[in-house]
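Examination of the molecular architecture
For reference, the chains in residue letters:
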Amino acid sequence: MGTPFVQFLGPSNLEGYNRKRQPSEQPATIPKTFLDAMEVREQVFVKEQNIPLENEFDADDARSCHWVAYASINTTVEPEVTDEDGNIVRRKQSVTRSTPIGTIRLVPFPHAAHPEPGSAYTLDAPEAVSGPPPYIIDRPTTFHDGKEPYLKLGRIAVLKEFRGSGIARLLADSAITWARQNPTFFNPSIAVVGMENLGAKSVDDVPVWKGLMCVHAQEQVAKVWAKWGFELDEGMGSWYEEGIKHVGMFRRVDIGNTTRQ
Ligand SMILES: CC(C)(COP(=O)(O)OP(=O)(O)OC[C@H]1O[C@@H](n2cnc3c(N)ncnc32)[C@H](O)[C@@H]1OP(=O)(O)O)[C@@H](O)C(=O)NCCC(=O)NCCS
């Protein structure tokens, strides 16, 4: 594998994406980087972890930022040919292709309520794929007061054969660094969204990102997120998504004194 590189995709129009079909069967209008992310997610979550294909794509995908890691992989397309004396008659033919090997996404606020401790649910039901959830006051947990806007990292996945070489770290670093460098990116515009839809009575109540980041981590991967500064939120408890035990974790990143765009 050559040096891996990471590609960024901002929020995009994914209209026409058919959640029951594979990435290779999607309309030509869907951004290639997103299809590459879905190829990795399908391989890891659908094939390896048995999550139904139609539950993998969800309403958050269009409004999220995505990062995809690629590796340059050299494959032999024609083997070397030698004559009976061992002389090379034709050299080996090979091609180098950039192959998607890992992905992560960053979902902006607002979010659905924190899962209830001990609950069990499936990912988005097909009929639920619509716009973002409304702004709500959530139950307070150890690190979240129920009100502060947070960004949610998730769907981190690296193809099995590329694990253990820092690809997930590269992806998490890319997303966290981007968020720190673009702290106002997801702050809503009062003019576009309207105060009432922001759950705000005055300008001071308008949601502004202050550096809080969350993950819903598969329990066995919590130690990986802990390496990147995320702390287990005891108050959030644990719950099951698609039969896999999950926990909530938070990290606060320093974004200085940034305010609205
Ligand atoms: C979790 C996953 C993304 C890690 O990918 P990866 O590319 O192998 O991770 P990295 O090589 O960047 O490792 C990052 C750090 O976590 C550690 N780590 C990786 N996987 C680990 C595991 N299963 N248990 C404990 N530590 C682990 C590494 O040792 C490394 O630590 P270091 O930086 O101190 O050396 C990958 O195993 C995966 O795709 N799993 C299946 C999908 C999944 O469960 N996603 C998580 C949903 S919350």
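Just above, that's the structure.
Residues numbered from 1 in each chain as written. Predicted model: local features only at pLDDT ≥ 70, side-chain atom pairs only at ≥ 80, totals over all residues. Heavy atoms only, no water.

Topic: the environment of Tyr150
Worth spelling out the cut-off: Each helix corresponds to a stretch of at least 4 residues labelled H or I by DSSP, and each strand to a stretch of at least 2 residues labelled E; elements are numbered beginning at the N terminus. Residues are treated as being in contact if the distance between any of their heavy atoms lies within 4.5 Å.
Structurally, Tyr150 can be placed in the loop between β6 (120–121) and β7 (151–158). Remark: the alpha-carbon pair of Tyr150 and Cys214, spanning 64 residues in sequence, is separated by 6.6 Å. Apart from the residues lying within four places of it in its own chain, the contact partners of Tyr150 are Val107, Pro108, Phe109, His111, Ala112, His114, His144, Trp209, Leu212, Cys214 and Phe250.

Brief notes about the pairing of strand β8 (residues 212–218)
For clarity, the cut-off: Between buried and exposed lies partly exposed: a residue is buried under 20% and exposed over 50% of the maximum accessible area for its type, with that area taken using a 1.4 Å probe on protein chains only. One requirement defines pairing of two strands: DSSP has to find at least two bridges between them.
Within β8, seven of the seven residues are buried, which leaves it mostly tucked inside the rest of the structure. Side-chain alternation along β8 places Leu212, Cys214, His216 and Gln218 on one buried face and Met213, Val215 and Ala217 on a second face that is also buried. Note that β7 and β8 share three bridges and pair parallel. Across the sheet, Leu153 pairs through a bridge with Val215, a residue of β8. Sheet analysis places β8 next to strand β11 (residues 244–252), joined by seven bridges and oriented antiparallel. Across the sheet, Val215 pairs through a bridge with Met249, a residue of β11.

A look at the nonpolar core
Our working rule: Put simply, a nonpolar core is a bunch of buried Ala, Val, Leu, Ile, Met, Phe, Trp, Tyr and Cys residues held in one set by side-chain atoms that sit within 4.5 Å of each other.
Ile104, Leu106, Leu153, Met213, Trp225 and Phe230 are the most contacted members of the largest nonpolar core, which has 40 residues in total. Among the elements of the structure, α1 (32–48), β2 (65–78), β5 (93–107), β7, α2 (167–181), β8, α4 (222–227) and β11 are those that each provide at least two residues to this core. The element best represented in this core is α2, accounting for seven residues. Not counting the four nearest positions on each side in its chain, Leu153 is found in contact with Ile104, Arg105, Leu106, Ala175, Ile176, Met213, Cys214, Val215, His216, Trp225 and Phe230.

Observations concerning the side chain of Asp36
In this fold, Asp36 is placed in helix α1. Judged by its relative accessible area of 3%, Asp36 falls in the buried class. Beyond its immediate stretch of four places on either side in the chain, Asp36 contacts Val68, Tyr70 and Pro100.

Section: the packing of aromatic side chains
For any pair of aromatic rings, geometry is given as the distance between the ring centres together with the angle between the planes. The line we're drawing: Between 30 and 60 degrees the pair is tilted, below 30 it is stacked and above 60 it is edge-to-face, where a pair is any two Phe, Tyr or Trp rings, Trp via its six-membered ring, whose centres lie within 6.5 Å.
Using the criterion set out here, one finds 13 aromatic pairs in the structure. Both rings, one in Phe5 and one in Tyr70, keep their centres 5.2 Å apart while their planes meet at 15°; by these two values the pair is stacked. Taken together, the residues span a long stretch of sequence, with Phe5 in strand β1 (residues 5–9) and Tyr70 in strand β2 at a distance of 65 residues. We classify Phe5 as partly exposed; its relative accessible area is 34%. Residue Tyr70 is classed as buried on the basis of its relative accessible area, which comes to 6%.

Section: the pattern of salt bridges
Note the cut-off: The salt bridge definition used is simple: a Lys or Arg side-chain nitrogen within 4 Å of an Asp or Glu carboxyl oxygen.
Under the definition given, this model contains 13 salt bridges. Across the pair Asp36 and Lys32 runs a salt bridge, and its minimum N-O distance is 2.8 Å. One end of the pair is Asp36 and the other is Lys32, both in helix α1 and four residues apart, which spans about a single turn. A salt bridge links Asp61 to Arg41, with the nearest nitrogen and oxygen atoms 2.9 Å apart. Here Asp61 is found in the loop between α1 and β2, whereas its partner Arg41 is found in helix α1, with 20 residues between them in sequence. Like Arg41, Asp61 is buried. Salt bridges here are not isolated pairs; linked through shared partners, they connect Arg41, Glu56, Asp58, Asp61, Arg105 and Arg155.

Points about the site of the ligand
As a reminder, the rule being used: Near residues are defined by distance, with any heavy atom within 4 Å of the molecule or strand qualifying the residue. Each polar contact in these results corresponds to two N or O atoms within 3.5 Å; when the atoms are within protein, one needs to be able to donate a hydrogen and the other to accept it, and residues that are neighboring in sequence are counted only if both atoms are side-chain atoms. Surface exposure here means Shrake-Rupley accessible area, sampled with a 1.4 Å probe, where a residue is shielded only by the protein chains that are shown. Each residue gets one of three labels, nonpolar for Ala, Val, Leu, Ile, Met, Phe, Trp, Tyr, Cys and Pro, charged for Asp, Glu, Lys and Arg, and polar for the others, Gly among them.
Close contacts around the ligand come from 21 residues, with Ile156, Val158, Gly164, Gly166 and Arg169 the closest. Contacts to the ligand include Arg169, whose backbone N or O atom sits 2.9 Å from an oxygen atom. Within the contact set of the ligand, an oxygen atom lies 3.2 Å away from a side-chain nitrogen or oxygen of Gln218. In isolation the ligand exposes 920 Å². Once the protein is present, 73% of that is buried. Among the elements that line the shell around the ligand, the one with the most residues is α4, at four residues. When its residues are assigned to classes, the shell around the ligand shows 12 nonpolar, five polar and four charged.

Let's talk about the layout of surface pockets
Any empty space left between the atoms is revealed when a probe the size of a water molecule rolls over them. The following threshold applies: Points on a 1 Å grid, built from protein atoms alone, make a cavity when a 1.4 Å probe fits but cannot get out and make a pocket when they are open with protein on both sides within 12 Å along at least 5 of 7 lines; residues with an atom within 4 Å of a point are the lining residues. Grid points are joined across faces, edges and corners, and a volume is the space filled by probe spheres set on the points.
What the second largest pocket holds in volume is close to 660 Å³. Along the wall of the second largest pocket there are 28 residues; nearest its centre are Lys147, Glu148, Pro149, Asp205 and Pro207.

Brief notes about the environment of Gly10
Tracing the chain through its elements places Gly10 in the loop between β1 and α1. The exposure class of Gly10 is buried, given its relative accessible area of 17%. Taking the C-alpha atoms as reference, Gly10 lies 14 Å from Ile176; in sequence the two are 166 residues apart. Ignoring any residue separated from it by four or fewer positions in sequence, one finds Gly10 in contact with Ser64 and Cys65.

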